[in-house]
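A closer look at the structure
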Amino acid sequence: DPIREEIVMSLETDIGRERNLLAETPEHCQQLHLKSPIITNEQMQFIRDLDKPDLKARTISTLFPANEGIEALDAALNRIFAEAEEAIDDGCTILILSDRGVSENEAPMPILLATGGVHHHLVRIQKRSSVGIVCETGEAREVMHMCLLTGYGAGAVNPYMAFEVIDELMIKE
């Protein structure tokens, strides 16, 4: 009940590098605070443009060659893992997993697969707390999709296709 229990229920979230939970330092504040884990296209662009020492984002494409089958999907997942590691090593604190750019030749990897895969890969190599994950996806359309993505490791979700459809419907009226 979010109305009567607002002190324990909130949609607000922070994304970026997480620090030692047992200490409080000024560096703990170096995260991006969002009022909701569902972010607009404008907010997504703001995050993409971040380039500060403790708030730096990098976009990783989740597309793979459509006509090369399951082997291409596996190779793309390994590429995404490598790009995520490289981004962290380069000082990035926010990873944007994006399926923009779908074409006849490029198919989108299921965003849950990409998100969960990156999350667990970073846990395995002990770098998960170094970075926040944001999903930029046309696949998410319902509240359930957003909840699943946050449960699989995303700190925020930009359902760009849903927003574009809403915008188009508003223009027609």
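Residues numbered from 1 in each chain as written. Predicted model: local features only at pLDDT ≥ 70, side-chain atom pairs only at ≥ 80, totals over all residues. Heavy atoms only, no water.

**Describing the nonpolar core**
One finds Phe64, Leu95, Leu97, Met109, Val118, Leu122 and Leu149 to be the most contacted residues of the largest nonpolar core, which totals 28 residues. Counting only elements with at least two residues in this core, the list comes to helix H2 (69-89), strand S6 (94-98), helix H3 (111-124), strand S8 (132-136) and helix H4 (143-151). Filtering out sequence-adjacent residues up to four positions away, leucine 97 remains in contact with Ile60, Thr62, Ile80, Ile111, Ala114, Thr115, Val118, Ile133, Val134, Cys135 and Glu136. Within the second largest apolar cluster, 13 residues are counted, among which are Leu32, Ile39, Met44 and Ile96. (Core = buried A, V, L, I, M, F, W, Y, C linked by side-chain atoms within 4.5 Å. Buried < 20%, exposed > 50% of the residue type's maximum accessible area, 1.4 Å probe, protein only. Helix = DSSP H or I, 4+ residues; strand = E, 2+ residues; numbered from the N terminus. Contact = heavy atoms within 4.5 Å.)

**Looking at H3**
For H3, built from 14 residues, the straight-helix expectation of 20 Å at 1.5 Å per residue is met to within 8% by its first-to-last C-alpha distance of 20 Å. For H3, the complete set of buried residues consists of Ile111, Ala114, Thr115, Gly116, Gly117, Val118, His121 and Leu122. Each element contacted by the buried residues of H3 is listed here: H2, S6, S8 and H4. Glutamine 126, located one to two residues past H3, shows a positive phi value of around 60 degrees. (Expected span 1.5 Å × (residues − 1).)

**A word on the sheet that holds S6**
Reading across from one edge, S3-S4-S6-S8-S9 is the order of the five strands in this open sheet, with mixed pairing throughout. In this open sheet, the two edge strands, each paired with only one partner strand, are strand S3 (51-52) and strand S9 (156-158). Note that S8 and S9 share three bridges and pair parallel. Paired with glutamate 136 across the two strands is asparagine 158, which belongs to S9. On top of the sheet, helix H1 (residues 41-49) reaches S3, strand S4 (55-61), S6, S8 and S9; it is set at about 130 degrees to S6, its chief contact. Here H3 sits on the sheet in contact with S6 and S8, set at roughly 150 degrees to S6. (Pairing = 2+ DSSP bridges. Axes fitted to C-alpha atoms, helices over the stretch in contact; angles between N-to-C directions.)

**Remarks on the packing of H2 against H3**
Two numbers describe how H2 lies on H3: the axes approach to 10 Å, and their chain directions differ by 50 degrees. Judged on the interaxial angle alone, H3 and H2 are oblique. The element H2 and its partner H3 pack so that their crossing is right-handed. Between H2 and H3, the residues in contact are Leu73, Leu77, Ile80, Phe81, Ala84, Glu85 and Ile88 and Leu113, Ala114, Gly117, Val118, His121, Leu122 and Arg124, respectively. Residues of the contact of H2 with H3, tallied by class, amount to 10 nonpolar, two polar and two charged. (Parallel < 35°, antiparallel > 145°, perpendicular 65-115°, else oblique. Left-handed = near helix turned anticlockwise from the far one by under 90°. Nonpolar A, V, L, I, M, F, W, Y, C, P; charged D, E, K, R; others polar.)

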